[in-house]
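Here is how the chains run, residue by residue.
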Amino acid sequence: MLNDQLRRVLQQMPKAELHIHIEGSLEPELIFALAERNGIKLAYGSVEELRAAYAFTDLQSFLDIYYAGASVLLKEQDFYDMTMAYLKRAEADNVRHAEIFFDPQTHTARGVAMDVIINGIYRACQDSPVSATLILCFLRHLSEEDAIATLEAALPYRDKFIGVGLDSSEVGNPPEKFARVFARCRDLGLHLVAHAGEEGPPAYIYTALDTLKVERIDHGVRCLEDAALTERLAKEQMALTVCPLSNIKLCVFDQMEQHNLLQLLDAGILATVNSDDPAYFGGYMNDNFIATFEALPLGLSHAHRLSRNGFVAAFLPEEQKHKFLAEVDAFFAKI
Ligand SMILES: [Zn+2]
């Protein structure tokens, strides 16, 4: 059981969120409001019916509902409202900095223009007191040609995103499928991340590192199946953006008590805690921290370390990074 002091610390400590899919922050209430505003008929009769459908068995069963939810996003204001709703929740959880994933192909495939997507999300980031930057993700179940076309379409807005990532159905779509587009992004000076080792094997983490040359691994929890890989990740201080509630909801682990976050930390890995798709997986940042600390033997020193890790792993200018880290240390010095 979590004591009151630790619970308060987890709620109030400064946080960086590095693994949040903005389309995964769409709450059923907002999905219904946007559907009504845009005259879209949903396959679900009510907010309750939609929420009841969030009983996933694996990544694919989630993705099917996730794409249906995103279909209500049509206009720039829709993307703005979705992003602002997330940033308000993040602010309430004392998130100081967020690096937000967005999936343009989910929208361009429905005829929504790239400028509508990027400008709506970006404008909300500008209007929020939370420091927020954007990472464009390619859908890995689609072809590399599609990813390349998406990158080209996004390049006129290059100043509005800091990096690219790789998400969607992992198994059967290894990182190396996107070697060329990632090489091009690297030449463009974009930061590189990829989902690997969530449902996919440790081999996908190797190719994300060696072929795509990513700077962070999203999820990566299956690295512990490979001792040499675990050691390498620790030695290189390669960050993993771990999403505990997501891992339980998608059955990567049966129960939070079995989650390997503590083993990752004990192995010396730069693990961070994040919410992934908070509207679908049962919680935002503080919910993730509290659920994890309730289930695992984690204490104040782990909270301090995880709070720091988020900023250490962030793509921020050094000066800003140090400012946030100083804020973290000052917070923990007062406890
Ligand atoms: Zn994710």
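Residues numbered from 1 in each chain as written. Predicted model: local features only at pLDDT ≥ 70, side-chain atom pairs only at ≥ 80, totals over all residues. Heavy atoms only, no water.

### Here we look at the packing of helix α16 (residues 300-312) against helix α17 (residues 318-333)
Note the following rule: Note on geometry: axes are C-alpha line fits, over the in-contact stretch for helices, and angles between N-to-C directions span 0 to 180 degrees. By the criteria applied, helices consist of DSSP H or I runs no shorter than four residues and strands consist of E runs no shorter than two, each listed in order from the N terminus. These descriptions rest on fixed angle ranges, namely under 35 degrees for roughly parallel, over 145 for roughly antiparallel, 65 to 115 for roughly perpendicular, and the rest for oblique. Contacts between residues were defined by any pair of non-hydrogen atoms, one from each residue, lying within 4.5 Å. Under this grouping Gly is polar, as are all residues other than the nonpolar Ala, Val, Leu, Ile, Met, Phe, Trp, Tyr, Cys and Pro and the charged Asp, Glu, Lys and Arg.
For the pair α16 and α17, interaxial distance at closest approach is 9 Å and the crossing angle is 170 degrees. The angle between the axes of α16 and α17 places the two elements in the roughly antiparallel class. In contact with Leu-300, Ala-303, His-304, Ser-307, Arg-308, Phe-311 and Val-312 of α16, α17 contributes Lys-321, Phe-324, Leu-325, Val-328, Asp-329 and Phe-332. Taken together, the residues of the contact of α16 with α17 sort by class into eight nonpolar, two polar and three charged.

### Regarding the sheet that holds strand β2 (residues 95-102)
Threshold: At least two DSSP bridges between two strands are needed for those strands to be called paired.
Ordered in space as β1-β2-β3-β4-β5-β6-β7-β8, the eight strands form an open sheet in which the pairing is parallel. The two strands at the open ends of the sheet, each matched to only one other strand, are β1 (15-21) and β8 (271-273). Sheet twist, expressed as the average angle between the axes of neighbouring strands with direction ignored, equals 25 degrees. Bridge analysis of strand β4 (residues 163-167) against strand β5 (residues 191-196) gives two bridges, and the strand direction is parallel. If you follow Val-164 over to β5, its bridge partner there is Leu-192. Sheet strands in contact with helix α5 (residues 76-92) are β1, β2 and β3 (131-139), and its direction is about 150 degrees off that of β2.

### What about the nonpolar core?
Quick note on the threshold: The term nonpolar core refers to a set of buried residues drawn from Ala, Val, Leu, Ile, Met, Phe, Trp, Tyr and Cys, joined through side-chain atoms within 4.5 Å. Only protein chains enter the accessibility calculation, which uses a 1.4 Å probe; a residue is then buried when its area is under 20% of its type maximum, exposed when over 50%, and partly exposed in between.
Within the largest apolar cluster, 110 residues are counted, with the highest numbers of intra-cluster contacts made by Ile-100, Phe-138, Phe-182 and Tyr-280. The contacts of Ile-100, once residues within four sequence positions are left out, are Ile-20, Ile-22, Thr-83, Tyr-86, Leu-87, Cys-125, Ala-132, Thr-133, Leu-134 and Ile-135. Core analysis: the next-biggest nonpolar cluster, separate from the first, contains five residues, Phe-101, Ile-135, Val-193 and Phe-315 among them.

### Looking at the coordination of the zinc ion
Short version of the rule: The donor definition counts N, O and S atoms within 2.8 Å of each metal and applies 3.2 Å to Na, K and Ca; water is not among these atoms, so some sites may look incomplete.
Donor atoms from the polypeptide that coordinate the zinc ion comprise His-19 (NE2), His-21 (NE2), His-195 (NE2) and Asp-276 (OD), at 2.1 to 2.3 Å from the metal. Donor residues for the zinc ion, ordered by position in the chain, follow H-x1-H-x173-H-x80-D. Note that His-19 is positioned in strand β1 and Asp-276 in the loop between β8 and α14 (278-281), a separation of 257 residues in sequence. As far as the burial class goes, His-19 and Asp-276 line up, both buried.

### Side note on helix α2 (residues 28-38)
To be explicit about the condition: It is the directions from the helix axis to the C-beta atoms that the arc portrays.
If you check which residues of α2 are buried, you get Pro-28, Ile-31, Phe-32, Leu-34, Ala-35 and Asn-38. Seen from one end, α2 has its buried residues packed into an arc of 165 degrees, which puts them on one side. Of the surrounding elements, those touching the buried residues of α2 are α3 (47-52), α4 (59-70), α5 and α14. A positive phi of about 65 degrees marks Gly-39, the residue just after α2.

### What to know about the environment of Leu-264
Here Leu-264 is to be found in helix α13 (residues 261-266). Among the residues examined, Leu-264 registers a relative accessible area of 0% and is labelled buried. For the pair Leu-264 and Ala-53, spaced 211 residues apart in the sequence, the C-alpha separation amounts to 32 Å. Among residues more than four places away in sequence, those in contact with Leu-264 are Val-221, Cys-223, Leu-224, Leu-240, Val-242, Ile-269 and Ala-271.

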